[in-house]
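Fold and geometry: a report
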Amino acid sequence: MKKLLIVVDMQNDFITGALGTEAAQKILPYVKAKIVACKQEGHAVLFTRDTHFDNYLSTQEGRKLPVPHCIKGTEGRLIAYELYQGDCQVFDKFSFGSLSLAQSVASLYKDCDEIELCGLCTDMCVVSNALILKARLPETKIVVDAHACAGVSEESHKAALLTMRMCQVDILNS
(Lines give C-alpha, C1' and ligand atoms only; values in the text may rest on other atoms or scores of the structure.)
Protein backbone atom coordinates (compact mmCIF):
# COMPACT_ATOMS: atom_id res chain seq x y z
CA MET A 1 0.00 0.00 0.00
CA LYS A 2 1.24 3.48 -0.90
CA LYS A 3 0.46 6.29 1.46
CA LEU A 4 0.87 10.06 1.48
CA LEU A 5 1.14 12.03 4.72
CA ILE A 6 0.10 15.67 4.42
CA VAL A 7 1.42 17.79 7.29
CA VAL A 8 -0.85 20.83 7.37
CA ASP A 9 0.53 24.25 8.33
CA MET A 10 2.96 23.23 11.09
CA GLN A 11 4.48 26.70 10.92
CA ASN A 12 6.08 28.86 13.58
CA ASP A 13 3.24 31.40 13.65
CA PHE A 14 0.72 28.66 14.44
CA ILE A 15 2.91 26.97 17.06
CA THR A 16 4.73 29.67 19.02
CA GLY A 17 4.10 32.86 17.03
CA ALA A 18 1.22 35.21 16.31
CA LEU A 19 -1.47 32.50 16.50
CA GLY A 20 0.49 29.95 18.54
CA THR A 21 -1.22 27.81 21.17
CA GLU A 22 -0.25 25.35 23.84
CA ALA A 23 -2.30 22.71 22.03
CA ALA A 24 -0.23 23.24 18.87
CA GLN A 25 2.99 22.86 20.85
CA LYS A 26 1.73 19.65 22.44
CA ILE A 27 1.18 17.86 19.13
CA LEU A 28 4.75 18.44 17.87
CA PRO A 29 6.06 15.04 19.11
CA TYR A 30 3.11 13.18 17.53
CA VAL A 31 3.54 14.93 14.21
CA LYS A 32 7.30 14.33 14.22
CA ALA A 33 6.77 10.62 14.97
CA LYS A 34 4.32 10.35 12.06
CA ILE A 35 6.78 11.98 9.67
CA VAL A 36 9.63 9.70 10.76
CA ALA A 37 7.47 6.56 10.55
CA CYS A 38 6.16 7.44 7.09
CA LYS A 39 9.62 8.11 5.74
CA GLN A 40 11.00 4.88 7.27
CA GLU A 41 8.16 2.95 5.60
CA GLY A 42 8.97 4.56 2.24
CA HIS A 43 5.85 6.73 2.06
CA ALA A 44 5.73 10.29 0.76
CA VAL A 45 5.42 13.32 3.06
CA LEU A 46 4.11 16.67 1.88
CA PHE A 47 3.98 19.87 3.95
CA THR A 48 1.46 22.61 3.34
CA ARG A 49 2.49 26.14 4.16
CA ASP A 50 -0.07 28.86 4.82
CA THR A 51 1.15 31.87 2.86
CA HIS A 52 0.07 35.49 3.10
CA PHE A 53 1.51 38.78 1.92
CA ASP A 54 2.00 42.30 3.27
CA ASN A 55 -1.57 43.20 2.29
CA TYR A 56 -3.02 40.48 4.56
CA LEU A 57 -5.09 42.85 6.72
CA SER A 58 -6.92 44.15 3.62
CA THR A 59 -7.94 40.64 2.49
CA GLN A 60 -11.24 39.03 3.44
CA GLU A 61 -9.44 36.62 5.77
CA GLY A 62 -7.43 39.48 7.29
CA ARG A 63 -10.57 41.48 8.00
CA LYS A 64 -12.16 38.49 9.77
CA LEU A 65 -8.95 37.37 11.49
CA PRO A 66 -6.95 40.59 11.94
CA VAL A 67 -3.74 38.95 13.13
CA PRO A 68 -0.96 39.06 10.55
CA HIS A 69 0.59 35.60 10.28
CA CYS A 70 2.58 33.44 7.88
CA ILE A 71 3.64 36.49 5.88
CA LYS A 72 6.01 35.55 3.07
CA GLY A 73 9.59 36.32 4.04
CA THR A 74 9.05 36.06 7.82
CA GLU A 75 10.19 33.48 10.37
CA GLY A 76 6.56 32.86 11.25
CA ARG A 77 5.87 31.37 7.82
CA LEU A 78 8.62 28.76 8.18
CA ILE A 79 7.77 25.16 8.95
CA ALA A 80 8.83 24.21 12.48
CA TYR A 81 12.53 23.39 12.36
CA GLU A 82 12.16 20.10 14.26
CA LEU A 83 9.65 18.80 11.69
CA TYR A 84 10.94 19.85 8.30
CA GLN A 85 12.61 17.16 6.25
CA GLY A 86 14.62 18.64 3.39
CA ASP A 87 13.54 16.00 0.90
CA CYS A 88 9.81 16.60 1.45
CA GLN A 89 7.69 18.59 -0.96
CA VAL A 90 6.25 21.88 0.34
CA PHE A 91 3.00 23.23 -1.06
CA ASP A 92 2.18 26.91 -0.53
CA LYS A 93 -1.53 27.55 -0.08
CA PHE A 94 -3.24 30.90 0.14
CA SER A 95 -6.44 29.96 1.93
CA PHE A 96 -7.71 27.44 4.49
CA GLY A 97 -8.48 24.81 1.88
CA SER A 98 -6.80 24.48 -1.48
CA LEU A 99 -8.31 23.16 -4.69
CA SER A 100 -4.81 23.38 -6.18
CA LEU A 101 -3.47 21.10 -3.44
CA ALA A 102 -6.13 18.50 -4.24
CA GLN A 103 -5.36 18.72 -7.95
CA SER A 104 -1.61 18.37 -7.34
CA VAL A 105 -2.13 15.39 -5.04
CA ALA A 106 -4.45 13.77 -7.59
CA SER A 107 -1.82 14.04 -10.32
CA LEU A 108 1.47 13.63 -8.43
CA TYR A 109 0.34 10.94 -5.98
CA LYS A 110 -2.29 9.14 -8.07
CA ASP A 111 -0.95 5.74 -7.01
CA CYS A 112 -1.62 6.38 -3.30
CA ASP A 113 -4.18 4.16 -1.61
CA GLU A 114 -4.36 6.37 1.47
CA ILE A 115 -3.87 10.03 2.26
CA GLU A 116 -3.42 10.94 5.91
CA LEU A 117 -3.53 14.48 7.26
CA CYS A 118 -2.25 15.92 10.52
CA GLY A 119 -1.38 19.38 11.75
CA LEU A 120 -3.05 22.74 12.30
CA CYS A 121 -5.75 23.82 12.69
CA THR A 122 -8.18 20.90 12.81
CA ASP A 123 -11.15 23.24 12.61
CA MET A 124 -9.92 25.34 9.71
CA CYS A 125 -7.19 24.07 7.40
CA VAL A 126 -7.23 20.35 8.22
CA VAL A 127 -11.00 19.97 7.83
CA SER A 128 -11.06 22.13 4.67
CA ASN A 129 -8.34 20.17 2.93
CA ALA A 130 -9.61 16.77 4.09
CA LEU A 131 -13.05 17.48 2.63
CA ILE A 132 -11.66 18.91 -0.61
CA LEU A 133 -9.43 15.83 -1.00
CA LYS A 134 -12.38 13.52 -0.26
CA ALA A 135 -14.46 15.29 -2.92
CA ARG A 136 -11.62 15.20 -5.48
CA LEU A 137 -10.58 11.59 -4.71
CA PRO A 138 -13.78 9.87 -3.51
CA GLU A 139 -12.35 6.34 -3.75
CA THR A 140 -9.12 7.15 -1.91
CA LYS A 141 -9.04 6.52 1.82
CA ILE A 142 -8.68 9.88 3.59
CA VAL A 143 -7.52 9.69 7.22
CA VAL A 144 -6.98 12.29 9.95
CA ASP A 145 -5.08 11.51 13.15
CA ALA A 146 -6.86 13.36 15.96
CA HIS A 147 -3.84 13.19 18.29
CA ALA A 148 -1.59 14.82 15.70
CA CYS A 149 -3.96 17.76 15.16
CA ALA A 150 -4.97 20.75 17.24
CA GLY A 151 -7.77 23.23 16.79
CA VAL A 152 -8.39 26.78 17.85
CA SER A 153 -10.23 25.30 20.85
CA GLU A 154 -10.87 21.76 22.08
CA GLU A 155 -14.56 22.20 21.29
CA SER A 156 -13.95 23.28 17.68
CA HIS A 157 -11.33 20.52 17.27
CA LYS A 158 -13.93 17.90 18.26
CA ALA A 159 -16.60 19.49 16.04
CA ALA A 160 -14.25 19.35 13.03
CA LEU A 161 -13.45 15.69 13.73
CA LEU A 162 -17.17 14.90 13.88
CA THR A 163 -17.79 16.77 10.62
CA MET A 164 -15.02 14.86 8.86
CA ARG A 165 -16.24 11.53 10.23
CA MET A 166 -19.74 12.31 8.92
CA CYS A 167 -18.20 12.90 5.48
CA GLN A 168 -16.48 9.49 5.45
CA VAL A 169 -13.03 10.64 6.50
CA ASP A 170 -11.51 8.07 8.84
CA ILE A 171 -10.51 9.53 12.21
CA LEU A 172 -7.69 7.83 14.11
CA ASN A 173 -7.10 8.02 17.87
CA SER A 174 -10.34 9.75 18.75
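Here, every reference points to the structure presented above.
Just so you know, these numbers come straight off a predicted model, no measurement behind them.

Most peptide bonds take the trans form, and the phi angle of most residues other than glycine is negative. Here the residue pair Leu120 and Cys121 is connected by a cis peptide bond, since its omega of -25° sits within 30 degrees of zero. Structurally, Cys121 is set in the loop between strand 4 (114-120) and helix 5 (122-136). For Asp9, which is not glycine, the phi dihedral falls at a positive 50°. Residue position: Asp9 is located in the loop between strand 1 (3-8) and helix 1 (12-15). The class for Asp9 is buried, based on a relative accessible area of 0%. The residue Cys70 is not glycine, and still its phi comes out positive at about 50°. By the secondary structure assignment, Cys70 is in the loop between helix 3 (60-64) and strand 3 (89-93). The exposure class of Cys70 is buried, given its relative accessible area of 0%.

The strand order 3-2-1-4-5-6 describes an open sheet built from six strands, whose pairing is parallel. With partners counted over all chains shown, the strands left at the sheet margins are strand 3 and strand 6 (170-172), one partner each. Direction aside, the axes of adjacent strands within the sheet are offset by 25° on average. Its contacts with the sheet place helix 5 against strand 1, strand 3, strand 4 and strand 5 (141-150), and it is angled at close to 165° to strand 4. Strand contacts of helix 6 (residues 154-166): strand 5 and strand 6, with the helix running at about 170° to strand 5, the strand carrying the most contacts.

Moving on, we get to the pairing of strand 2 (residues 44-50). When you tally the buried positions in strand 2, you get six out of seven residues, the bulk of the element. Relative to strand 2, strand 1 runs parallel, the two being bridged by five bridges. For Val8, the partnering residue across the bridge sits in strand 2 and is Thr48. Here five bridges tie strand 2 to strand 3, and the two strands are oriented parallel to one another. Following the sheet pairing, Phe47 is matched in strand 3 by Val90.

Okay, the packing of aromatic side chains next. Scanning the model with the defined rule gives two aromatic pairs in all. Ring geometry for Phe47 and Tyr84: centres 5.7 Å apart, planes at 50°, overall tilted. Taken together, the residues Phe47 in strand 2 and Tyr84 in the loop between helix 3 and strand 3 connect sequence positions 37 residues apart. We classify Phe47 as buried; its relative accessible area is 0%. Pairing Phe53 with Phe94 gives two aromatic rings, centres 5.9 Å apart and planes at 20°, and the pair type is stacked. Separated by 41 residues along the polypeptide, Phe53 in the loop between strand 2 and helix 3 and Phe94 in the loop between strand 3 and helix 4 (99-108) bring together distant segments of the chain. You can call Phe94 exposed: its relative accessible area is 53%.

Thresholds applied
Residues numbered from 1 in each chain as written. Predicted model: local features only at pLDDT ≥ 70, side-chain atom pairs only at ≥ 80, totals over all residues. Heavy atoms only, no water. Helix = DSSP H or I, 4+ residues; strand = E, 2+ residues; numbered from the N terminus. Buried < 20%, exposed > 50% of the residue type's maximum accessible area, 1.4 Å probe, protein only. Pairing = 2+ DSSP bridges. Axes fitted to C-alpha atoms, helices over the stretch in contact; angles between N-to-C directions. Contact = heavy atoms within 4.5 Å. Phe/Tyr/Trp six-rings, centres within 6.5 Å; stacked < 30°, edge-to-face > 60°.

Without other data, these values stay purely geometric and don't point to any function.
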